Number of protein chains: 2
Amino acid sequence: MMLLLALAAIAAPVRGSAAPAPPPSPAATAYEAVTGDWRPIPDDELLVMRLAGGRTVTIRLAAWAAPLHVAQIRRLAAAHWWDAASVYRVQENWVAQWGDASEEKPLPAGVTPQVDPEFEITRFAPAVLMARGDPHARASGITADAWPVASDGAGHAWLPHCYAMVGVARDADPRSGSGAELFTPIGQSARRLDRNYTVVGRIIDGMANLSALARSDAPMGVYADPAQRTPIEWVRLASELPAAERPRFAYRAADNPRFAAAVRRRENPPPPTIGSGAIDVCEMPLEIRRLDAR
Amino acid sequence: MMLLLALAAIAAPVRGSAAPAPPPSPAATAYEAVTGDWRPIPDDELLVMRLAGGRTVTIRLAAWAAPLHVAQIRRLAAAHWWDAASVYRVQENWVAQWGDASEEKPLPAGVTPQVDPEFEITRFAPAVLMARGDPHARASGITADAWPVASDGAGHAWLPHCYAMVGVARDADPRSGSGAELFTPIGQSARRLDRNYTVVGRIIDGMANLSALARSDAPMGVYADPAQRTPIEWVRLASELPAAERPRFAYRAADNPRFAAAVRRRENPPPPTIGSGAIDVCEMPLEIRRLDAR
């Protein structure tokens, strides 16, 4: 479970021999999830990307935050548009980016080359507020549905570009994103992209299949040699996969005292660990559980 | 140049075809370094780690911040103690860690299994202050010698665990670190380790040789199978390498108006980019230039 791992990681980095903590029994503490805290993710919110070698990356889509872009992404998946696309950019401590490197592949019917930017969300309504803001946001928190959100305290709110969030790549024109080219931060969170790029989701499984890819030395991390790209075999919504092949995930909901207690514990770790009384919203583990057999 | 790349990255993530910006002529702007801003790093502050396959990672040591631990690290390198050691732990979005996975290799003469923790520094004296604090520090900034520093505003100061900083692994006992086992954050900065672990340096070259290593699925990211480890061929201080093989690097000093202007520009990017007026100290690129032919 991610939280357990994360708590173990507080004692970590450790020597090689350190034994991992045993898994807790459900609700053994005030900050662990109970069965009812786990909510299944609808099949049409799961975007499954199969890379060469059978490696899979699963993205949870945030249709509530970027409805225009997520609608385009669903159409692109339904049209099998990403089949035979690639991860063509991996820039050290910045982003991994995928789509059609040729930029010549026509978009399918119903997908426009540009849609209105969805850089911000209409409402800042976290279920749990972080103790303090951060350099990029006056306030931040986690929504009931386990999305990180940030606000400038002056009417603007957005999904922050935390590690593993998925953003829409674009050209200099803020309107130039379609959803066909996507990226995820693979190092220090790319917060200076907040409010400048549309965030459409978060990678909830298989992130290491992108974060551990070979970096490109070329300008901006775009592989100079096409042979360096990682081929994408296919991308589908889970709802379009045969029932037997559908991945099933649940997220840990944040609208309960157990999640709030988990945030407070992260902000104020038990002695002898010294804490600051706060963490960055991008540091809060958002737990995911696999419900299928795999 | 890292800053140029970083500024390019503000326009990024972009479509595959985006042309990188041309390199600027020196001092073309108020925020670029001039020749005198580049200061060579002494050979005995450069720790060179050669991994299998000829991949090299170069660490700049912070003797000023952790003199006891850096003295031990210099003795370990002089004794060739890390030769045939390994990178034995790579935990997704957490750390890569290296040293003697067996934990049975005796330490060389003059190296003790424990030294007093050096979790904090004696003085918070940045040459440039960041515009705002962050969830982990009331104030932060960059020293004249280009080290990130943080403070709680109440007399405690430390080197933050930013991406690519190098920390001393230990057991639960805060006194249990020797410097023989080291780690670096490979994802979101590991700031909750601040003031709990001793920071001894920063990876200034070859970080991708650690950040792109295959992640371990085992508890806490320690490879379950020794065959998964990345062998370390040798570790040496540059001062102990034959002159012809010595890497030579310079850092961009921060005690000048050009670096201050670069920080302010990061905090307040030019339109149409929307900024928050601040960045996290871990987001400020600390530029390094290679001085040798390689």
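Small disclaimer: the values here were computed from a predicted structure and weren't measured. (Residues numbered from 1 in each chain as written. Chains lettered and ligands numbered in written order. Predicted model: local features only at pLDDT ≥ 70, side-chain atom pairs only at ≥ 80, totals over all residues. Heavy atoms only, no water.)

Brief notes about the overall build of chain A
Here's step 1: If you tally the helices and strands in chain A, you get four helices and 15 strands.
Here's step 2: The C-alpha radius of gyration computed for chain A amounts to 19 Å, which stays within 12% of the reference 19 Å derived for 294 residues, consistent with globular compactness.
Here's step 3: Projected onto its principal axes, the C-alpha positions of chain A cover 55 × 45 × 40 Å.
Here's step 4: Taking all 294 residues of chain A together, 57% fall into the buried category.
Here's step 5: Across chain A, contacts joining residues at least 24 apart in sequence account for 71% of those joining residues at least 6 apart.
Here's step 6: Counting only carbon and sulfur atoms, one obtains 55% of the accessible surface of chain A, whose full area is about 10800 Å².
Here's step 7: A gap of 5 Å separates the mean positions of the 31 positive and 32 negative side-chain charges of chain A. (Helix = DSSP H or I, 4+ residues; strand = E, 2+ residues; numbered from the N terminus. Rg over C-alpha atoms; globule rule 2.2 N^0.38 Å. Buried < 20%, exposed > 50% of the residue type's maximum accessible area, 1.4 Å probe, protein only. Contact = heavy atoms within 4.5 Å. Areas by Shrake-Rupley, 256 points an atom, 1.4 Å probe, with all protein chains shown as cover. Lys, Arg positive; Asp, Glu negative; His and termini not counted. Charge placed at Lys NZ, Arg CZ, Asp CG, Glu CD.)

Observations regarding the pairing of strand β3 (residues 56-61) of chain B
Residues and elements named next belong to chain B.
Here's step 1: For β3, a buried count of five out of six residues is recorded, marking the element as mostly surrounded by other parts of the structure.
Here's step 2: With five bridges connecting them, strand β2 (residues 46-51) and β3 associate as antiparallel partners. Within β3, the position partnered with Leu 46 by the bridge is Arg 60.
Here's step 3: Here β2 hands over to β3 after four residues, with Gly 53 in that stretch at a positive phi of 85°. (Pairing = 2+ DSSP bridges.)

Points about the relation of the copies chain B and chain A
Copy one and copy two of the chain differ by a rotation about an axis and a translation along that axis.
Here's step 1: Superposition of chain B onto chain A requires a rotation of 180° combined with a translation of 0.0 Å along the rotation axis, giving an RMSD of 0.0 Å. The operation mapping one copy onto its partner corresponds to a two-fold rotation axis.
Here's step 2: When you check the interface residues of chain B against chain A, 100% turn up at the interface there too, and the contact is symmetric in its surfaces. (Least-squares fit on C-alpha atoms with pLDDT ≥ 70 in both.)

Some words on the state of the cysteines
Residue and element names in this part refer to chain A.
Here's step 1: On inspection of all chains with the given rule, the structure shows two disulfides over all chains.
Here's step 2: The partner cysteine of Cys 162 in its disulfide is Cys 282, sulfur to sulfur 2.1 Å. Where Cys 162 bonds to Cys 282 through sulfur, the torsion about that S-S bond is close to -75°, and the disulfide is left-handed. With Cys 162 in the loop between β9 (157-158) and β10 (165-168) and Cys 282 in the loop between α4 (257-267) and β15 (288-290), this residue pair connects regions lying 120 residues apart in the sequence. As far as burial versus exposure is concerned, Cys 162 and Cys 282 are alike and both buried. (Disulfide = S-S within 2.5 Å.)

Some thoughts on the UniProt feature "domain: PPIase cyclophilin-type" (unreviewed entry) in chain A
Here's step 1: When the UniProt feature table is mapped onto this chain numbering, "domain: PPIase cyclophilin-type" (unreviewed entry) sits at residues 55-218 of chain A.
Here's step 2: The distance from the first to the last C-alpha atom of residues 55-218 of chain A is 25 Å, and the span holds 10% helix and 26% strand. (UniProt positions renumbered as here; feature names shortened; annotations may be inferred.)

Digging into the domain arrangement of chain A
All names here are of chain A.
Here's step 1: Partitioning chain A into domains gives domain 1 (42-106 + 161-241) and domain 2 (122-158 + 257-294).
Here's step 2: Look at where the C-alpha atoms of domain 1 and domain 2 centre, and you get two points 24 Å apart.
Here's step 3: Between domain 1 and domain 2, the residue contacts involve 15 residues of the former and 19 residues of the latter.
Here's step 4: Both sides together, the interface formed by domain 1 and domain 2 hides about 1400 Å², and carbon and sulfur atoms give 62% of it.
Here's step 5: Our enumeration of links across domain 1 and domain 2 arrives at four salt bridges.
Here's step 6: In this structure, the connection of domain 1 to domain 2 is made through six residue pairs in polar contact (both at pLDDT 80 or more). (Domains from an automatic or database assignment. Buried area = accessible area lost by both parts, 1.4 Å probe. Salt bridge = Lys/Arg side-chain N within 4 Å of Asp/Glu carboxyl O. Polar contact = N/O pair within 3.5 Å; in protein donor to acceptor, adjacent residues only side chain to side chain.)

Regarding the sheet that holds strand β1 (residues 38-40) of chain B
Residue and element names in this part refer to chain B.
Here's step 1: Strand order in the open sheet formed by three strands is β1-β14-β15, with antiparallel pairing between adjacent strands. Where the open sheet ends on each side, the last strands, each with one partner, are β1 and β15 (288-290). Averaged over all adjacent pairs, the angle separating strand axes in this sheet is 30°, with direction ignored. (Axes fitted to C-alpha atoms, helices over the stretch in contact; angles between N-to-C directions.)

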